[in-house]
Amino acid sequence: MKKRPLILVTNDDGITAPGLRTLIEVMKTIGDVVVVAPDSPQSAMGHAITVNSTLYVEEVQIDPDGTIEYSCSGTPADCVKLAVKQVLGRRPDLCVSGINHGSNSSINVIYSGTMSAALEAGIEGIPAIGFSLCDYKWSANFEACKGFVKTITENVLKNGLPTGVVLNVNIPNLPKEAIKGIKICRQAKANWEEEFDKRTNPNGRDYYWLAGKFVNLDHGEDTDEWALEHGYVSVVPVQFDLTAHHCIQNLNTWNLND
């Protein structure tokens, strides 16, 4: 009988998040699941790791079905590091992160704890996928995600991924019957135009609330933003090598040695 794959499941919304519980449910139909997830929300932590304080990992039971789960005091990247180096008995065949409550398309991938967990697995040479639903509500309905999550996961296990590449998957906030399919995309050129709401506390000290709006500057029809806007699941292959390879030749023309 074929051995079931070992799947590491993590997220950035915390171990009790409904999106994570949905992801666990789907993964259990595919392989053997071990969960290592933050004990509290870690959204927008990016690739932060804990270096100036201790880390704690505690085995917990949340679902009554016996799923092996660990709650970690650190960031999503910490969770993957600890899972691979300390918690798991062998290297996982796959790491999946999410399902995030909210979009991680375009520039959001830079800030995302969900995607940083997936990228950390990629650094370890483990195929990895980050899943996000474009609905920030804690009460978001993840039912429409299940089939797409399973299809993409099974394809990664079957076909593999190039070394250093992980998948950033975003699912539109639509009923299942309204989602048109899956599109392979590039990351849209978009950004946040931040504003800071300045206030003063009763002690006279100024403080700030981050606000702003998301602006899509990319009108291409091959981007994740276009796909999501038109009712498709977007799949963007991303990498942790941030080298601007196209710029190296130009920089080599500079006079840097005088």
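Heads up: the structure comes first, above all this text.
Predicted, not measured: the structure shown is a model, and the values here were computed from it.

Undergrad: Could you clarify how one ought to interpret the packing of helix α1 (residues 18-27) against helix α5 (residues 145-159) in this entry?
TA: A pair of packed helices is characterised by two quantities: the angle between their axes and the separation of those axes. For the pair α1 and α5, interaxial distance at closest approach is 10 Å and the crossing angle is 55°. Classified by the angle between their axes, α1 and α5 sit oblique to one another. Crossing of α1 against α5: the hand is right-handed. Facing α1, whose interface residues are Thr22, Leu23, Glu25, Val26 and Met27, α5 presents Lys146, Val149, Lys150 and Thr153. The residue makeup of the contact of α1 with α5, split by class, is 4 nonpolar, 2 polar and 3 charged.

Undergrad: Explain the nonpolar core to me, please; I cannot follow it from the model alone.
TA: Counting residues in hydrophobic clusters, the biggest one holds 32 residues, and the most contacted among them are Val9, Met27, Val96, Ile129, Phe131, Val149 and Val169. If you list the elements that add at least two residues to this core, you get β1 (6-10), α1, β2 (32-38), β5 (94-101), β6 (128-133), α5, β7 (165-171) and β11 (232-239). Setting aside its immediate chain neighbours within four residues, Phe131 contacts Leu23, Val96, Ser97, Gly98, Ile99, Asn100, Thr114, Val149, Ile152, Thr153 and Val169. Counting residues in each nonpolar core, the second largest holds 28 residues, with Leu8, Val34, Ala128 and Val236 among its members.

Undergrad: Help me understand the packing of aromatic side chains, please; the structure alone is not making it clear to me.
TA: Here a ring pair, both rings aromatic, is described through the centre-centre distance and the interplanar angle of the planes. What the rule picks out here adds up to 2 aromatic pairs. Pairing Trp226 with Tyr232 gives two aromatic rings, centres 6.3 Å apart and planes at 15°, and the pair type is stacked. Tyr232 matches Trp226 in its accessibility class, with the two residues each being buried. Taking NZ or CZ as reference, Lys183 lies 4.7 Å from the ring centre of Tyr232, over its face.

Undergrad: So what exactly am I meant to see when it comes to the pairing of strand β9 (residues 190-200) here?
TA: The side chains of a regular strand alternate between the sheet's two faces. As paired strands, β9 and strand β10 (residues 206-216) are joined by 11 bridges and run antiparallel to one another. Among the inter-strand pairings, Arg199 is bridged to a residue of β10, identified as Tyr207.

Undergrad: What is the right way to read the pairing of β11 from this model?
TA: Most of β11 sits inside the fold, with 6 of its 8 residues counted as buried. Where β7 and β11 come together, 6 bridges link them in antiparallel fashion. Among the inter-strand pairings, Asn168 is bridged to a residue of β11, identified as Val236. Relative to β11, strand β8 (residues 181-184) runs parallel, the two being bridged by 4 bridges. Pairing of Gly181 across the sheet is with Tyr232, part of β11.

Undergrad: Quick question: what am I supposed to make of helix α2 (residues 76-87) here?
TA: What sets the pattern is the α-helix's 3.6 residues per turn: residues three or four places apart point alike. Along α2, the residues that are buried comprise Pro76, Ala77, Asp78, Cys79, Val80, Leu82, Ala83 and Val84. On its buried face, α2 sits against β1, β2, β3 (57-60), β4 (68-72), β5 and α4 (113-123).

Definitions and limits used
Residues numbered from 1 in each chain as written. Predicted model: local features only at pLDDT ≥ 70, side-chain atom pairs only at ≥ 80, totals over all residues. Heavy atoms only, no water. Axes fitted to C-alpha atoms, helices over the stretch in contact; angles between N-to-C directions. Helix = DSSP H or I, 4+ residues; strand = E, 2+ residues; numbered from the N terminus. Parallel < 35°, antiparallel > 145°, perpendicular 65-115°, else oblique. Left-handed = near helix turned anticlockwise from the far one by under 90°. Contact = heavy atoms within 4.5 Å. Nonpolar A, V, L, I, M, F, W, Y, C, P; charged D, E, K, R; others polar. Core = buried A, V, L, I, M, F, W, Y, C linked by side-chain atoms within 4.5 Å. Buried < 20%, exposed > 50% of the residue type's maximum accessible area, 1.4 Å probe, protein only. Phe/Tyr/Trp six-rings, centres within 6.5 Å; stacked < 30°, edge-to-face > 60°. Lys NZ or Arg CZ within 6 Å of the ring centre and 35° of its normal. Pairing = 2+ DSSP bridges.

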